[in-house]
Amino acid sequence: EFSMLFYGFTAGLEFLALIKLRTLEPATPRPYRVPLGDSWPLAAFCLPPLGLCALLFALAERLSLYIFLATVAFSVATYCCRGGVDGGGASAQHAAGGKIPVMLV
């Protein structure tokens, strides 16, 4: 059950990221096309899986939820302490010769 909570959480984040990127950057070239290119049909398509993810959280046992929330809180705190999106702090900059490499997709 605990692993299903993580799966539901990551699946929900993936759907939300898909909707956000499609609305913020609609003209960005991508290696494939999604038939539901507009944001509203795409959001409507993502709602049933997001609802199932919410149902998974609603039906989970309390102990599993507490362990999950503690793990997520620890992960977010670690992410913030290590520099967040800018990546890893001084050790990453030193390894990259003072510059953080950027991956273009």
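Residues numbered from 1 in each chain as written. Predicted model: local features only at pLDDT ≥ 70, side-chain atom pairs only at ≥ 80, totals over all residues. Heavy atoms only, no water.

K.L.:
Looking at this structure, how should I read the overall build of the protein?
P.N.:
Helix and strand counts for the protein come out as four helices and zero strands. In the protein, the succession of α and β elements from N to C terminus is α-α-α-α. When burial is assessed residue by residue, the protein has 16% of its 105 residues classed as buried. Considering only residue pairs separated by 6 or more positions, the protein has 63% of its internal contacts joining residues 24 or more positions apart. Just so you have it, the protein exposes about 8,300 Å², and 70% of that area is on carbon and sulfur atoms. (Helix = DSSP H or I, 4+ residues; strand = E, 2+ residues; numbered from the N terminus. Buried < 20%, exposed > 50% of the residue type's maximum accessible area, 1.4 Å probe, protein only. Contact = heavy atoms within 4.5 Å. Areas by Shrake-Rupley, 256 points an atom, 1.4 Å probe, with all protein chains shown as cover.)

K.L.:
Any chance you could explain helix H3 (residues 62-81) here in plain terms?
P.N.:
Along an α-helix, residues three or four apart share an orientation, since each turn contains 3.6 residues. Between its first and last C-alpha, H3 extends 28 Å over 20 residues, near the 28 Å set by a 1.5 Å rise per residue. Gly-83 sits one or two residues past H3 and shows a positive phi near 115°. (Expected span 1.5 Å × (residues − 1).)

K.L.:
Would you explain a nonpolar patch on the surface in this entry?
P.N.:
Together, Phe-9, Leu-13 and Leu-16 make up an exposed nonpolar region whose accessible area comes to about 260 Å². Assignment of secondary structure puts Phe-9 in helix H1 (residues 2-24). Residue Phe-9 is classed as partly exposed on the basis of its relative accessible area of 30%. (Patch = residues over 30% accessible without salt bridge, like charges linked within 9 Å, V, L, I, M, F, W, Y side chains within 5 Å. Salt bridge = Lys/Arg side-chain N within 4 Å of Asp/Glu carboxyl O.)

K.L.:
I'm lost on the confidence of the model for the protein in this one. Help?
P.N.:
Segments scoring low in pLDDT should not have their predicted coordinates read at a detailed level. Taken as a whole, the protein shows an average pLDDT of 75; of its residues, 72% reach a score of 70 or greater. Within the protein, no element has a lower average pLDDT than helix H4 (residues 90-95), which sits at 50, and none a higher one than H3, at 87. (pLDDT = per-residue confidence, 0-100.)

K.L.:
Even after reading the chapter, I still don't get the packing of aromatic side chains, so can you show me in this structure?
P.N.:
Given two aromatic rings, their pairing is described by the distance between the two centres and the angle made by the two planes. Enumeration according to the criterion identifies three aromatic pairs in this entry. With a centroid separation of 5.0 Å and an interplanar angle of 70°, the aromatic rings of Phe-6 and Phe-68 are classed as edge-to-face. Of this pair, Phe-6 sits in helix H1 while Phe-68 sits in helix H3, placing them 62 residues apart in sequence. Taken together through their ring pairs, the aromatic side chains of Phe-6, Phe-9, Phe-57 and Phe-68 make up a single cluster. (Phe/Tyr/Trp six-rings, centres within 6.5 Å; stacked < 30°, edge-to-face > 60°.)

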